[in-house]
Amino acid sequence: MRKKLLLGNWKMNKTRPEAKEFAKGCGEMVEYAVSHGIDVGVAPTFVCLCPVLKHAPKELIVAAQNVNEHDHGAYTGEISIPMLKEIGIGWVILGHSERREYNGETSEACNLKIKALLANDMVPVYCCGESLGTFEEGKTKPFVEEQIRVGLADLKPEEAEKVVIAYEPIWAIGTGKSATKEIAEETIAHIRGVLASMFGAPVAEKIRILYGGSVKPGNIAEYMSMPDIDGALVGGASLELDSYKGLIEGLVG
Ligand code: PEP
């Protein structure tokens, strides 16, 4: 049985005092989620990782929004896995469509980062998803399949089962236009089939696949009613405590 997961992607939002306020205020809701067997977390900016780790309950998963695959060296502006590990970070989001678009992050680059994270016992949250044009042409499945096959290439099954996948149609991110639960389920079920062909059905059954794209307290329960959707990666609605609480309540059902 896959454990449900809610992960908030804060993107480039919140100063350190704002992040601290959230962290200090989320204790009860994190406890509520954990008591219902649900994993919950947030992905702050690099500068806010330490304040969140310091002030939030230890059960809150704190993820970084990117990492470099090299341990150290001449990579100006980058952050390495040992740097994240040293402060107590165990999870990293990779391949978000905004990083693919604005920072040229490719599935090949994500593959290197995923392998480096797994070698360090860290959890990659690998994002995939198609543009509106690809969706309208009816090419979502082959497009996303390619992202999965390249991003997770050469992993051993026992490594693959530790990865979390987030399916986020680009046309639904931050637009208020969410995919229907049927569309999300169809693509996510396809992704699970691709994972089964790569790593075997028992491994595919263990991998958590999240939906992301304008998920809100009012619609999260719909997605959770679908058999292959194991939780949500949420941007805008994860920023405020009230809304984050609403997401947890929707997830608990
Ligand atoms: C995201 O950033 O991953 C996301 C899904 O954003 P939003 O929930 O705001 O659409």
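As shown above, the structure is provided for reference.
Structural notes, computed from the coordinates. Only a predicted model underlies this, so the values are computations on that prediction, with no experimental measurement involved.

Once that is clear, we can look at the overall build of the chain. Counting its secondary structure elements, the chain contains 13 helices and eight strands. The C-alpha extent of the chain, read off along each of the three principal axes, is 45 × 45 × 35 Å. A burial count over the chain gives 53% of its 253 residues as buried. Roughly 11,400 Å² of accessible area belongs to the chain as shown, and the carbon and sulfur atoms make up 54% of that amount.

Judged by nonpolar contacts, the single largest core of 70 residues is most densely connected at Leu6, Leu60, Ile148, Leu152, Ile165, Leu195 and Tyr211. Setting aside residues up to four positions removed in sequence, Leu152 forms contacts with Asn111, Ile114, Tyr126, Val163, Ile165, Leu195, Met198 and Phe199.

Attention shifts here to the pattern of salt bridges. Opposite charge on two side chains permits pairing when their charged atoms draw close. As enumerated under the stated definition, the model contains 17 salt bridges in all. The partner of Lys139 in a salt bridge is Glu137, with the nearest N and O atoms 2.9 Å apart. Its relative accessible area of 44% is what places Lys139 among the partly exposed residues. Its relative accessible area of 52% is what places Glu137 among the exposed residues. Each member of the salt-bridge network shares a partner with another, and the members are Arg2, Arg192, Glu205, Asp228 and Asp230.

We now examine the site of the ligand. Inspection of the region around the ligand gives 14 residues, with Lys11, Glu168, Gly174, Ser214 and Gly235 positioned closest. Here an oxygen atom of the ligand and a side-chain polar atom of Asn9 are 3.2 Å apart. Within the backbone of Gly235, an N or O atom sits 2.8 Å from an oxygen atom of the ligand. When isolated, the ligand has an accessible area of 290 Å², and the protein chains bury 95% of it. For the shell around the ligand, the class distribution of residues is four nonpolar, eight polar and two charged.

Calculation notes
Every residue gets a number counted from 1 within its own chain, in the order that chain's sequence is written. Selection of residues for local features in this predicted model requires a pLDDT of at least 70, selection of side-chain atom pairs for listing and counting requires 80 or more, and totals for whole chains, interfaces and linings are taken over all residues. Excluded from the side-chain calculation are hydrogens and water; included are all heavy atoms of the structure. Numbered from the N terminus, helices here are DSSP runs of H or I no shorter than four residues, and strands are runs of E no shorter than two. Three labels apply to residues, based on accessible area from a 1.4 Å probe with only protein chains included: buried if under 20% of the type maximum, exposed if over 50%, partly exposed otherwise in between. Under the convention used here, a 1.4 Å probe and the Shrake-Rupley method define accessible areas, while residue burial counts only the protein chains that appear. We define the nonpolar core as a collection of buried residues of types Ala, Val, Leu, Ile, Met, Phe, Trp, Tyr and Cys that are connected through side-chain atoms lying within 4.5 Å of one another. Whether two residues are in contact is decided by their heavy atoms: any pair within 4.5 Å suffices. A pairing counts as a salt bridge when a side-chain nitrogen of Lys or Arg comes within 4 Å of a carboxyl oxygen of Asp or Glu. The criterion for a residue being near a molecule or strand is simple. One of its heavy atoms has to lie within 4 Å of it. Polar contact criterion, stated in full: a pair of N or O atoms within 3.5 Å, where within protein one must be able to donate a hydrogen and the other to accept it, and residues adjacent in sequence count only if both atoms are side-chain atoms. Note on residue categories: nonpolar means Ala, Val, Leu, Ile, Met, Phe, Trp, Tyr, Cys or Pro, charged means Asp, Glu, Lys or Arg, and polar means any other residue, Gly included.

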